[in-house]
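# Close look at the chain arrangement
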Amino acid sequence: MITGHVFIAISLDGYIARPDGGIDWLLSRDDPAEDHGYDDFIADKDMIVMGRGSYEQVATFETWPYDRPVLVLSTRLAGTPVPARLQGKVRFADLAPAEAMRAMEREGVRRAYVDGGRVVQSFLRAGLIEDMVITTVPVLIGAGRPLFGELPGDRSLSLVSSRSFPSGLVQTTYRLQA
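Residues numbered from 1 in each chain as written. Predicted model: local features only at pLDDT ≥ 70, side-chain atom pairs only at ≥ 80, totals over all residues. Heavy atoms only, no water.

## Re the sheet that holds strand β6 (residues 111–115)
In sheet architecture, strand pairing relies on hydrogen bonds along the backbone and comes in two forms, parallel and antiparallel. Operational definition: For two strands to be treated as a pair, DSSP must find at least two bridges joining them. Under the DSSP-based scheme used, a helix requires at least four consecutive residues in state H or I and a strand at least two consecutive residues in state E, with every element numbered from the N terminus. Each axis is a line fitted through C-alpha atoms, taken for helices only over the stretch in contact, and angles between the N-to-C directions span 0 to 180 degrees. In what follows, a contact means two residues having at least one pair of non-hydrogen atoms within 4.5 Å.
Pairing within the open sheet is mixed, and its eight strands lie in the order β5-β4-β3-β6-β1-β7-β10-β9. Where the open sheet ends on each side, the last strands, each with one partner, are β5 (90–93) and β9 (157–164). With strand direction ignored, the average angle separating the axes of adjacent strands in the sheet is 20°. In terms of strand pairing, strand β3 (residues 47–51) meets strand β4 (residues 70–73) through four bridges, oriented parallel. Of the residues in β4, the one forming a bridge with M50 is V72. Set on the sheet, helix α4 (residues 97–106) makes contact with β1 (3–11), β3, β4 and β6; between it and β4 the angle comes to about 160°. Sitting on the sheet, helix α5 (residues 117–125) is in contact with β1, β3, β4, β6, β7 (129–137) and β10 (170–176), with an inclination near 125° to β6.

As structure tokens, this is what we get:
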């Protein structure tokens, strides 16, 4: 059975990006000498699923950062061609979370990295997230795109681990309870 997993950074006030999608507050604190656990996290993931906002932000990077196939969930991008430099790496689809998971499972995907605010929110509402690694950046940006949104009810989590880094980032791993 396929499972969804989150690895994401937030500001201390709970935002994953500025209102315009900017993540300068995060990138300015990136320290290549500091291992934040991404390599270990991604090692057992078969595919990445993200929303249009995350895709458009990552697509501006000089180098495509992913070595796994990426499924972008977007009504706006579905049916449009993938840029030439990303052919074979990315595809667009207009699917609800459960449909996306079934489609990935049919392709043999067992563990999917779920990324992007609205996508994470929709997968949480659908009960499709198994665990979340949330790295809190010690900055208040005051406004932006929140990680969490409305849920149909409380979602209980259990703490798996927590660690801090010399830069002041704090990373917490939670498992969602059934």
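## With respect to α4
What counts, and what does not: Note on exposure labels: buried denotes an accessible area under 20% of the residue type's maximum, exposed denotes more than 50%, and partly exposed covers the range between, all computed with a 1.4 Å probe on protein chains only. Summarising the geometry, the arc corresponds to the directions from the helix axis toward the C-beta atoms.
Buried within α4 we find P97, A100, M101, A103 and M104. Buried residues along α4 cover an arc of 160° about the axis, so they all sit on one side. Residues of α4 that are buried in the fold lie against β1, β3, β4, β6 and α5. The positive-phi residue at the C-terminal boundary of α4 is G108, with phi of around 95°.

## Digging into the environment of R68
With respect to the element layout, R68 can be found in the loop between α3 (52–58) and β4. You can call R68 buried: its relative accessible area is 17%. When the C-alpha positions of R68 and V137 are compared, they lie 26 Å apart, and in sequence the two are 69 residues distant. Beyond its immediate sequence surroundings of up to four residues, R68 is in contact with I42, A43, K45, D46, I48 and K89.

## Examining the environment of T63
Structurally, T63 can be placed in the loop between α3 and β4. When the C-alpha atoms of T63 and L77 are compared, they prove to be 21 Å apart, with 14 residues separating the residues in sequence.

## Quick notes on the nonpolar core
Just so we agree on the cut-off: Take the buried residues of types Ala, Val, Leu, Ile, Met, Phe, Trp, Tyr and Cys, join any two whose side-chain atoms come within 4.5 Å, and each joined set is a nonpolar core.
In this structure, L71, M104, V114, F123 and I129 are the most contacted members of the largest nonpolar core, which totals 27 residues. Sorting elements by how many residues they give to this core places α5 first, with four residues. Ignoring anything within four residues of it in the chain, the contact list for M104 reads I2, M47, V49, L71, V109 and A112. Core analysis: the next-biggest nonpolar cluster, separate from the first, contains 18 residues, I42, V72, L77 and V90 among them.

## Here we look at the packing of aromatic side chains
What characterises a pair of aromatic rings is the spacing of the ring centres plus the angle enclosed by the ring planes. Our working rule: Each Phe, Tyr or Trp ring (for Trp, its six-membered ring) is paired with any other whose centre lies within 6.5 Å, and the angle between the two planes then decides the class: stacked below 30 degrees, edge-to-face above 60, tilted in between. Throughout this description, the term charge over a ring refers to an Arg CZ or Lys NZ atom that lies within 6 Å of the ring centre and within 35 degrees of the ring normal.
Under the counting rule described, the total for this entry stands at seven aromatic pairs. On the numbers, 5.4 Å between centres and 80° between planes, the contact of W64 with Y66 is edge-to-face. Every member of this aromatic cluster is reached through a ring pair, and the members are F7, Y38, F41 and Y113. Its end group placed over the ring of F41, K45 keeps NZ or CZ at 4.0 Å from the ring centre.

## Focus on the environment of R111
Just so we agree on the cut-off: We call two N or O atoms a polar contact when they sit within 3.5 Å, provided that within protein one can donate a hydrogen and the other can accept it, with sequence-adjacent residues counted only if both atoms are side-chain atoms.
As for its placement among the helices and strands, R111 is situated in strand β6. Measuring from C-alpha to C-alpha, the distance between R111 and F7 comes to 13 Å, with 104 residues separating the pair along the chain. Apart from residues no more than four positions distant in its own chain, R111 is found in contact with I2, T3, H5, D44, K45, D46, M47 and E130. Side chain to side chain, R111 and H5 meet in a polar contact 3.4 Å long.

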